[in-house]
Amino acid sequence: MTRCPANVVQTSLADLVMLARAMRPDEQEQIRAFAGSFDPDTFAAGLMLRPGPKFTLLDAGGNPVVAGGYMPATEGVMDSWMVGTMDGWGTHWRSITKASRWMMDTLLEGGIRRLQTTVLASRVQTCQWYMKSLKMTPEGIWRGYGQQGQDVALFSRLAGE
């Protein structure tokens, strides 16, 4: 089993609120595409209430850089979520990748058979990060799936991959 990175801690509502209020514009756009609207405090509370494992990555000063987690979709399958800031991604993308891979490896080694995520297909860099850095497989495009008809890409990683 992969060892937990030292700067990964349990997620708190305060961390989620802080991150949601400073969330990347493309992530806000994605929330609006899936939910129709975005209120940072409501969004943060909703993330905290989601079942499943969560993690927060802290910078050297103890401030949250990103938070993420997985919630059950069906038996043995989990959907991902993540919230971060422009500065957090710009400065700490390697640490975010390591923490994300740690969480994925832990879940897949612990009996989860499939991890999946959806993203606006227009978020090309994010799609590339899922494939190259997180070793996820693209599974297709849900055409016109978003609230305003945006295309959405689906990615997965299976146990043993």
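Refer to the structure above for everything that follows.
Draft legend 1. Representation of the packing of aromatic side chains in the model. All told, the structure shown has six aromatic pairs when counted by the stated rule. Here W89 and W129 contribute two aromatic rings whose centre-to-centre distance is 4.9 Å and whose plane-to-plane angle is 90°, an arrangement assigned as edge-to-face. With W89 in helix α4 (residues 86-109) and W129 in helix α5 (residues 124-132), this pair connects stretches of sequence that are 40 residues apart. On the basis of an interplanar angle of 50° and a centroid distance of 5.6 Å, the ring pair of W129 and Y130 is categorised as tilted. The residues W129 and Y130 share a single accessibility class, namely buried. One aromatic cluster is present, built from ring pairs that chain together W89, W129, Y130 and F155.

Draft legend 2. Seen up close, the environment of L57. With respect to the helices, strands and loops of the structure, L57 is situated in strand β2 (residues 54-58). Along the sequence, L57 and S12 sit 45 residues apart, while their C-alpha atoms lie 11 Å from each other.

Draft legend 3. Local environment of the layout of surface pockets. What the largest pocket holds in volume is close to 1100 Å³. For the largest pocket, the lining is made up of 46 residues, of which Q30, M82, T118, R123 and Y130 are closest to its centre. Elements that contribute at least two residues to the lining of the largest pocket include exactly α2 (25-35), α3 (40-49), β3 (64-74), β4 (77-84), α4, β5 (114-120) and α5. Among the elements that take part in the lining of the largest pocket, α5 stands out by supplying seven residues, more than any other. Residue classes in the lining of the largest pocket are distributed as 24 nonpolar, 14 polar and eight charged.

Draft legend 4. Spotlight on the pairing of β5. The buried fraction of β5 is high, at six of seven residues. Sheet topology places β4 next to β5; three bridges connect them, and they run parallel. Its bridge partner lying in β5, M78 is registered against L115. Of the crossover connections in this fold, the one passing from β4 over α4 to the parallel β5 is right-handed.

Draft legend 5. Focus on α5. Burial in α5 covers these residues: T126, C127, W129 and Y130. Down the axis, α5 shows its buried residues gathered within 160° of arc, on one side only. α5 presents Q125 and K132 as exposed residues on the side facing more than 90 degrees away from its buried surface.

Draft legend 6. Seen up close, the environment of G110. Counting through the fold element by element, G110 comes out in the loop between α4 and β5. Looking at G110, the relative accessible area reads 66%, which means it is exposed.

Draft legend 7. Representation of the packing of helix α1 (residues 13-21) against α3 within the structure. One way to put it is that α1 packs onto α3 with a least axis distance of 8 Å and a crossing angle of 140°. Judged by the inter-axis angle, α1 sits oblique to α3. The chirality of how α1 crosses α3 is right-handed. On α3, the residues touching L13, L16, V17, A20 and R21 of α1 are P40, D41, F43, A44, A45, L47 and M48. Looking at side-chain class alone, the contact of α1 with α3 contains 10 nonpolar, no polar and two charged residues.

Draft legend 8. A look at the sheet that holds β2. One open sheet accounts for seven strands, arranged β1-β2-β3-β4-β5-β7-β6; its pairing is mixed. In this open sheet, the two edge strands, each paired with only one partner strand, are β1 (8-9) and β6 (137-142). Pairing of β6 with strand β7 (residues 152-158), which is carried by five bridges, proceeds in the antiparallel orientation. Note that in β7 the partner of W142 across the bridge is V152. Where α1 meets the sheet, its contacts fall on β2, β3 and β4, and the angle it forms with β3 comes to roughly 105°. Lying over the sheet, α2 contacts β4, β5 and β7, oriented at roughly 100° with respect to β5.

About the cut-offs
- Residues numbered from 1 in each chain as written.
- Predicted model: local features only at pLDDT ≥ 70, side-chain atom pairs only at ≥ 80, totals over all residues.
- Heavy atoms only, no water.
- Phe/Tyr/Trp six-rings, centres within 6.5 Å; stacked < 30°, edge-to-face > 60°.
- Helix = DSSP H or I, 4+ residues; strand = E, 2+ residues; numbered from the N terminus.
- Buried < 20%, exposed > 50% of the residue type's maximum accessible area, 1.4 Å probe, protein only.
- 1 Å grid on protein atoms, 1.4 Å probe; cavity = no way out; pocket = protein on both sides within 12 Å on 5 of 7 lines; lining within 4 Å.
- Points joined across faces, edges and corners; volume = space filled by probe spheres on them.
- Nonpolar A, V, L, I, M, F, W, Y, C, P; charged D, E, K, R; others polar.
- Pairing = 2+ DSSP bridges.
- Right-handed = clockwise from strand over helix to strand, strands pointing away.
- Arc of directions from axis to C-beta.
- Axes fitted to C-alpha atoms, helices over the stretch in contact; angles between N-to-C directions.
- Parallel < 35°, antiparallel > 145°, perpendicular 65-115°, else oblique.
- Left-handed = near helix turned anticlockwise from the far one by under 90°.
- Contact = heavy atoms within 4.5 Å.

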